[in-house]
Amino acid sequence: MERTEMEKKPVLYIVIPCYNEQEVLPLTAPMFRQEVARLAEAGKIDPDSRILFVNDGSRDETWRIIQELSAGDPHFQGLCLSRNRGHQNALLCGLMEARDRCDITISIDCDGQDDIRAMDQMVEEYLSGAEIVYGVRARRKTDTFFKRFTAQAFYRLLNWMGADTVYNHADYRLVSARVLREFAGFREVNIFLRGMFPLVGFKSTCVYYDRNERLAGKSHYPLKKMLALAFDGITSLSVKPIRIITGLGVIISVISFLLILYALIAWASGRAVAGWASTLIAVALLGGIQLISLGVIGEYVGKIFLETKHRPRYIVSERTEGMPAEGDGQE
Ligand code: UDP
Ligand code: MG
């Protein structure tokens, strides 16, 4: 859908991944609906815009709720993945399905933590020329100290490791269909969307909003999952860890060389003593460093292993009526 006539308003798809969200979905769905209505009334988007839920293999009533919403109002649409594939894959699925049906997408979590009102400003920025608008959390007052601290450490670590991400931006963002069509060429299976969109380029900007508490239900990102996400982000976007290992290798080699010189001189001058402590320390230290290095390199080999298989990143098992499978050769 191209913006041909001047008065044609962009069609917006709000893409929302949902995993076990039966408590919060009935609360937030009307809020998304209201936002679409408001934006359409203000003449900023086409009234035929949609709210697209992607059910990420939930084990609760989430999919049934989505189906009911869709039956009651065609503005609600849903896709159901064949199993739980994780937030990033679910979101990717929604974006890829939306890309040929709309002009712009906004991705957001379904728990109401991100201020839905910020969409006004995002659309505004799009209308004035931006192709990607990153939602950035201005404050984290309502998060616990632990969540705030780990989240900040997460962004610092990512950037320091060479994975370029927008600070304090999660996955609340506006992306135009044009960018999504280019993004479809990024075929990797290890995906870290917030770090990949900056790689696509195009004009982008940020919009700031306050982050609230989850309206209901509980977070699916405990520390363990967050660490896994950070690690995936780093290894899918940067080879800096391998460079660090190389650097470490060089430094240790230089030190070892000096030690060898020292040992030789000591031996030649007949001062060589049975220094078990220094031997033990050297062996333990080197053993540890070598194991860590092997682990990091193994991580990349594992990534290559997964990439070479080219497995599908998600499989859609069910759809609501308004989201038929892509017809003949639409790709
Ligand atoms: N989510 C998902 N699949 C998963 C885990 C989470 O689709 O395996 C969705 C979840 O329903 C929510 C969003 O991803 O809409 C963010 O999850 P959550 O709110 O639990 O994370 P947090 O905001 O605490 O970081
Ligand atoms: Mg959340």
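Refer to the preceding data block for the structure.
Every chain's residues receive numbers from 1 upward, in the order its sequence appears when written. Starting at A for chains and at 1 for ligands, labels are handed out in the order in which the entities are written. Confidence filtering applies because this is a predicted model: local features only for residues at pLDDT of at least 70, side-chain atom pairs given and counted only at 80 or more, and all residues used for totals across whole chains, interfaces and linings. Just so you know, side-chain values use all the structure's heavy atoms and leave hydrogens and water out.

Draft legend 1. Structural view of the overall build of the protein. Numbering of helices and strands runs from the N terminus, with a helix taken as a DSSP run of H or I at least four residues long and a strand as a DSSP run of E at least two residues long. Within the protein one finds 10 helices and 8 strands. Considering only C-alpha atoms, the protein reaches an extent of 90 × 40 × 35 Å along its principal axes. Exposed residues in this analysis have more than 50% of their type's maximum accessible area, buried residues have under 20%, and partly exposed residues fall in between, with area computed by a 1.4 Å probe over protein chains only. Split into buried and exposed, the 331 residues of the protein put 43% on the buried side. In the protein, once contacts between residues fewer than 6 apart in sequence are set aside, the share between residues at least 24 apart is 83%. Accessible surface, the protein: about 17500 Å² in total, of which carbon and sulfur atoms supply 61%. Throughout, a contact is declared for two residues whenever any of their heavy atoms are within 4.5 Å. Every accessible area reported is derived by Shrake-Rupley at a probe size of 1.4 Å, with residue values counting cover from the shown protein chains alone.

Draft legend 2. Layout of the coordination of the magnesium ion (ligand 2). Metal donors: N, O and S atoms at distances within 2.8 Å, or within 3.2 Å for Na, K and Ca, with water omitted from the atom set so that some sites may seem incomplete. Within the protein, the magnesium ion (ligand 2) binds to D111 (OD) and Q113 (OE1); these donor distances fall in the range 1.9 to 2.0 Å. For the pair D111 and Q113, a shared accessibility class is recorded, and that class is buried.

Draft legend 3. Representation of the nonpolar core within the structure. By convention a nonpolar core is built from buried Ala, Val, Leu, Ile, Met, Phe, Trp, Tyr and Cys residues, the set being connected through side-chain atoms within 4.5 Å. Counting 36 residues, the largest nonpolar core has I14, I16, F53 and M119 as the members making the most contacts within it. Of the residues forming this core, the biggest block, 6 residues, is contributed by helix α1 (residues 25–41). Among all residues touching F53, those that are not within four sequence positions of it are I16, C18, L25, A29, I66, L69, F76, Q77, G78 and L79. Among the nonpolar cores identified, the runner-up in size contains 30 residues, and V54, L92, L95 and I132 belong to it.

Draft legend 4. Focus on the site of ligand 1. Lining the immediate surroundings of ligand 1 are 19 residues, of which E21, D56, D111, S219 and H220 lie closest. Any N or O atom pair separated by 3.5 Å or less is treated as a polar contact, with the protein-specific requirement of one donor-capable and one acceptor-capable atom, and with residues adjacent in sequence counted only for side-chain atom pairs. Between ligand 1 and P17, the relevant distance is 2.8 Å, taken from an oxygen atom to a main-chain nitrogen or oxygen of the residue. At 3.2 Å, a side-chain N or O of N84 approaches an oxygen atom of ligand 1. When isolated, ligand 1 has an accessible area of 530 Å², and the protein chains bury 95% of it. Classification convention: Asp, Glu, Lys, Arg as charged; Ala, Val, Leu, Ile, Met, Phe, Trp, Tyr, Cys, Pro as nonpolar; all other residues, Gly among them, as polar. Residues belonging to the shell around ligand 1 are distributed by class as follows: 5 nonpolar, 6 polar and 8 charged. Residues are labelled near a given molecule or strand when at least one of their non-hydrogen atoms is within 4 Å of it.

Draft legend 5. Region of interest: the pairing of strand β6 (residues 169–176). Counting buried positions along β6 gives 8 out of 8 residues, so the element sits mostly inside the fold. Strands are treated as partners if at least two bridges between them are detected by DSSP. As defined by bridge partners, strand β4 (residues 104–107) adjoins β6 across 4 bridges and the pair is classed as antiparallel. Bridging from a neighbouring strand, T105 pairs with V175 of β6.

Draft legend 6. Structural detail: the packing of α1 against helix α4 (residues 118–127). Fitted lines through C-alpha atoms serve as axes, helices being fitted only where they are in contact, and the angles separating the N-to-C directions of these axes extend from 0 to 180 degrees. The geometry of α1 relative to α4 is characterised by a closest axis approach of 10 Å and an angle of 40° between their N-to-C directions. Classified by the interaxial angle, the pair formed by α1 and α4 is oblique. Read as a crossing pair, α1 and α4 show a hand that is right-handed. Taken together, the residues of α4 that come into contact with α1 (itself represented by F32, E35, R38 and L39) are M119, D120 and V123. Angles below 35 degrees are treated as roughly parallel, those above 145 as roughly antiparallel, those between 65 and 115 as roughly perpendicular, and all remaining angles as oblique. Left-handed describes a crossing whose near helix is turned anticlockwise from the far helix by less than a right angle; the clockwise case is right-handed.

Draft legend 7. Layout of the pattern of salt bridges. One speaks of a salt bridge when a side-chain nitrogen belonging to Lys or Arg is within 4 Å of a carboxyl oxygen belonging to Asp or Glu. Tallied over the full model, the rule gives 13 salt bridges. Among the salt bridges present, the one from R64 reaches E61, with a minimum N-O distance of 2.4 Å. Exposure remark for R64: the relative accessible area of 39% places this residue in the partly exposed category. Residue R194 pairs with D171 through a salt bridge whose shortest N-O separation is 3.4 Å. Residue R194 is found in helix α7 (residues 193–200), and its partner D171 is found in strand β6; the two are separated by 23 residues along the sequence. Side by side, R194 and D171 carry an identical accessibility label, which is buried.

Draft legend 8. Representation of α4. Among all positions of α4, only A118, M119, D120, M122, V123 and Y126 are buried. Of the residues trailing α4, G129 is marked for its positive phi of about 115°.

Draft legend 9. Inspection of the environment of F149 at higher detail. With respect to the element layout, F149 can be found in helix α5 (residues 145–160). With a relative accessible area of 52%, F149 lands in the exposed category.

All quantities given are derived from atomic positions and should not be read as evidence of function.
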